[in-house]
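# Survey of secondary and tertiary structure
Each chain, letter by letter, is given below.
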Amino acid sequence: MFDVTGLAAAERAELAVLLRSLTPQQWQTPSLCAGWTVRDVVAHMLSYEELSPAGFAGRYIRGGLRLRRANTIGLDDYAGHGRQQLLDLLDRSIRPRGFTTAFGGRIALTDGMIHQQDIRRPLGILRDIPAERLVPALNFARIAPPLGAGWRIRGLRLTATDLDWTAGRGPEVWGPGEAVLLCIAGRRGVVEELEGPGQPILRERIGG
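A quick note: this is a predicted structure, and the numbers were derived from the prediction, not measured.

When a protein is soluble and globular, its nonpolar side chains tend to lie buried together. Among the nonpolar cores identified, the biggest contains 42 residues, and L138, L158, W165, L181, I184 and L202 are the most heavily contacted of them. Residue assignment for this core shows that the elements contributing at least two residues are α1 (4-21), α7 (106-123), α8 (131-141), β1 (157-160), β2 (165-167), α10 (177-184) and α11 (199-206). Per-element accounting of this core gives the leading share, six residues, to α10. When residues of this core are sorted by domain, at least three fall in each of domain 1 (4-123) and domain 2 (131-206). In this view, L181 contacts M113, I114, L134, A137, L138 and A141; residues no more than four positions away in its chain are not counted. With 22 residues, the next largest nonpolar core counts V42, L46, Y78 and L123 among its residues.

Close contact between helix α4 (residues 53-62) and helix α5 (residues 67-77) brings their axes to 8 Å; oriented N to C, the two are set at 110°. Here α4 lies roughly perpendicular to α5, going by the angle between them. Counting all contacts with α4, which are made through R59, Y60 and R62, the residues of α5 involved are L67, A70, I73, G74 and D77. Split by residue class, the contact of α4 with α5 holds four nonpolar, one polar and three charged.

On to the pairing of strand β3 (residues 172-175). Side chains V173 and G175 of β3 all project onto a buried face; the interleaved residues E172 and W174 project onto a face where none is buried. Pairing geometry for β1 and β3, over four bridges, is parallel. Each bridged residue has a counterpart across the sheet, and for R157 the counterpart in β3 is E172.

Pairing in this open sheet of three strands is mixed, and the strands run β2-β1-β3 from one edge to the other. In this open sheet, the two strands that pair with only one neighbour each are β2 and β3. Strand-to-strand twist in this sheet, taken as the mean axis angle between neighbours without regard to direction, amounts to 10°. Across three bridges, the pairing between β1 and β2 is antiparallel. If you follow T159 over to β2, its bridge partner there is T166.

It is worth spelling out the domain arrangement of the protein at this point. Structurally, the protein comprises domain 1 (4-123) and domain 2 (131-206). In this structure, domain 1 and domain 2 have C-alpha centres spaced 22 Å apart. Between domain 1 and domain 2, the contact holds 18 residues from the first and 17 residues from the second. A buried area of about 1500 Å², summed over both sides, lies between domain 1 and domain 2, and 69% of it is on carbon and sulfur atoms. Its largest share of buried area at the contact with domain 2, domain 1 owes to M113, I114 and R121, together 35% of the area lost on that side. Applying the counting criterion to the domain 1 and domain 2 interface returns five salt bridges. With a closest N to O distance of 2.8 Å, E178 and R121 form a salt bridge. Connecting domain 1 to domain 2 are six residue pairs in polar contact (both at pLDDT 80 or more). Here the side of domain 1 that touches domain 2 takes 10 residues from α7, the largest share from any one element. Grouping the constituent residues of the side of domain 1 that touches domain 2 by class yields 10 nonpolar, three polar and five charged.

For α5, every residue scored as buried is listed here: A70, N71, I73, G74 and L75. For α5, the secondary structure elements touched by its buried residues are α3 (38-49) and α4.

Interaxial distance between α7 and α8 falls to 9 Å at its minimum, and their mutual angle equals 100°. With respect to α8, the element α7 is oriented roughly perpendicular. Contact with α7, carried on its side by R106, I107, L109, T110 and M113, involves R133, L134, P136, A137, F140 and A141 of α8 and no other residues of that element. Grouping the amino acids of the contact of α7 with α8 by side-chain chemistry returns eight nonpolar, one polar and two charged.

Conventions and cut-offs
- Residues numbered from 1 in each chain as written.
- Predicted model: local features only at pLDDT ≥ 70, side-chain atom pairs only at ≥ 80, totals over all residues.
- Heavy atoms only, no water.
- Core = buried A, V, L, I, M, F, W, Y, C linked by side-chain atoms within 4.5 Å.
- Buried < 20%, exposed > 50% of the residue type's maximum accessible area, 1.4 Å probe, protein only.
- Helix = DSSP H or I, 4+ residues; strand = E, 2+ residues; numbered from the N terminus.
- Domains from an automatic or database assignment.
- Contact = heavy atoms within 4.5 Å.
- Axes fitted to C-alpha atoms, helices over the stretch in contact; angles between N-to-C directions.
- Parallel < 35°, antiparallel > 145°, perpendicular 65-115°, else oblique.
- Nonpolar A, V, L, I, M, F, W, Y, C, P; charged D, E, K, R; others polar.
- Pairing = 2+ DSSP bridges.
- Buried area = accessible area lost by both parts, 1.4 Å probe.
- Salt bridge = Lys/Arg side-chain N within 4 Å of Asp/Glu carboxyl O.
- Polar contact = N/O pair within 3.5 Å; in protein donor to acceptor, adjacent residues only side chain to side chain.

Spelled out as structure tokens, the structure:
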């Protein structure tokens, strides 16, 4: 069995290198997450890293059992963290240690990969994601409760053209694995990179 937590740590180490290379202006660039800057995405990720399962439950309750509201609370809690504080916290969290260790580290790997792309794409800083990381992230993203992908990809067959990966049944949608992952997560502006008879269905479900 492969070490998912180790893969998550490698993903975070790559993110740390990226973040240190960014200018203060780039930290304020809008990300793929609607209404969030690069800085906000980093703070959001790390706010969950600091939580135990009990801490997550407490935040979820504070948010009225709504994940979006819980995310906002986490972001508010970290509003005072500057760039260097976030980088220091990321350094202490390269190997997942909080709530993100759940599901054998799959939360840390999948969440970290999606959010790294949320940052990279608007900045035009692309990369090739190792298949050993991307495949388990694709598998988990399909069922990860926070992503709510079930209705989005229901009745579709997804295929990564640059990996040995396919899942689902129905009209096929194919394209690069990274783009497939972001579409599973519901990121807008990516579905046009995919093709196949199921692409219009997925595009409609994701929305504009």
